[in-house]
Amino acid sequence: MLNIKRVLDVIISTVLLIILLPIFIFIILLVKVTSEGTIFFKWHVMGKNGKPFTGYKFRTMITNADHLKSDLQNSNEMTGPVFKMTNDPRITRVGKFLRKYSLDELPQLWSVFKGDMSLVGPHPPLQSEWSHFEDWHKRKLSVTPGLTCLWQVNGRNKINKFDDWVKMDLEYIDNWNIWLDIKILLKTIPTIINGSGR
């Protein structure tokens, strides 16, 4: 079954990378002309079994965003090692739009094609977050991380406890089958269209 999952990842990511090429070009131009900095954000995250890799997203924040993060820790809306802030002042105007409809995530299709990620699977943590994980948290990366999963289609915006987030990832792992992936992918589509996934 895992072989089928990988085949679907390659086929779907390839098709989407080709079909969405005009949108990629439009977003590249949009990011370039509306704010200073690189077009892509290098995303240093942890993959399956805690193996680090670098993914890419369209940049949605100002250039010195990482340096300002420590000043915003008191506004963190998430318990645990991750950072979440609804009205993060570091996000650009275009970035807000890209995030609302998950368009900033599109370059991760390349990570899916390469095999660092899957279409469906637990969200990969930042390398800086990994060292703060408890041992039971780390089981979420016993499988290949993905673009979407249970927590994203089941109230992502309402989850503010990292432990609850991990429990949903473990629920996915313990109950995985190819039909569950298909169900999650189908539920992800209206979540993205409605802009309710971020």
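Being a predicted model, the structure only gives us computed values, none of them experimental. (Residues numbered from 1 in each chain as written. Predicted model: local features only at pLDDT ≥ 70, side-chain atom pairs only at ≥ 80, totals over all residues. Heavy atoms only, no water.)

## Concerning the packing of helix 1 (residues 2-19) against helix 2 (residues 21-34)
- Taken N-terminus to C-terminus, the directions of helix 1 and helix 2 make an angle of 55 degrees; their axes are 4 Å apart at the nearest point. One finds that helix 1 runs oblique with respect to helix 2. Contacts between helix 1 and helix 2 pair Leu17, Ile18 and Ile19 from the former with Leu21, Pro22 and Phe24 from the latter.
- Of the residues that constitute the contact of helix 1 with helix 2, the class distribution is six nonpolar, no polar and no charged. (Axes fitted to C-alpha atoms, helices over the stretch in contact; angles between N-to-C directions. Helix = DSSP H or I, 4+ residues; strand = E, 2+ residues; numbered from the N terminus. Parallel < 35°, antiparallel > 145°, perpendicular 65-115°, else oblique. Contact = heavy atoms within 4.5 Å. Nonpolar A, V, L, I, M, F, W, Y, C, P; charged D, E, K, R; others polar.)

## Quick look at the nonpolar core
- Leu106, Trp165, Tyr172 and Ile184 are the most contacted members of the largest nonpolar core, which totals 36 residues.
- Per-element accounting of this core gives the leading share, seven residues, to helix 8 (residues 162-174). (Core = buried A, V, L, I, M, F, W, Y, C linked by side-chain atoms within 4.5 Å. Buried < 20%, exposed > 50% of the residue type's maximum accessible area, 1.4 Å probe, protein only.)

## Brief notes about the packing of aromatic side chains
- Applying the stated criterion to the full structure yields eight aromatic pairs.
- Consider the rings of Trp110 and Phe113, whose centres lie 5.4 Å apart with planes at 20 degrees: the pair is stacked. Remark: Phe113 and Trp110 occur in helix 5 (residues 108-114); sequence separation between them is three residues, near one turn of the helix.
- Accessibility expressed as a relative area gives 33% for Phe113, which makes it partly exposed.
- Through successive ring pairs, a cluster of aromatic residues spans Trp130, Phe133, Trp151, Phe162 and Trp165.
- Residue placement shows Lys100 over the ring face of Tyr101; its charged tip is 5.6 Å from the ring centre. (Phe/Tyr/Trp six-rings, centres within 6.5 Å; stacked < 30°, edge-to-face > 60°. Lys NZ or Arg CZ within 6 Å of the ring centre and 35° of its normal.)

## Quick look at the pairing of strand 2 (residues 52-58)
- Of the strand pairs in this sheet, strand 1 (residues 40-46) and strand 2 are connected by seven bridges, and their pairing is antiparallel. Each residue of the ladder has a partner; that of Phe40, found in strand 2, is Phe58.
- Linking strand 1 to strand 2, which pair antiparallel, is a turn of five residues; within it Asn49 sits at a positive phi near 60 degrees. (Pairing = 2+ DSSP bridges.)

## Description of the environment of Thr63
- One can find Thr63 in the loop between strand 2 and helix 3 (65-68).
- Once residues within four sequence positions are removed from consideration, Thr63 is found in contact with Glu36 and Gly37.

Interpretation note: all reported values are geometric properties and have no functional meaning in isolation.
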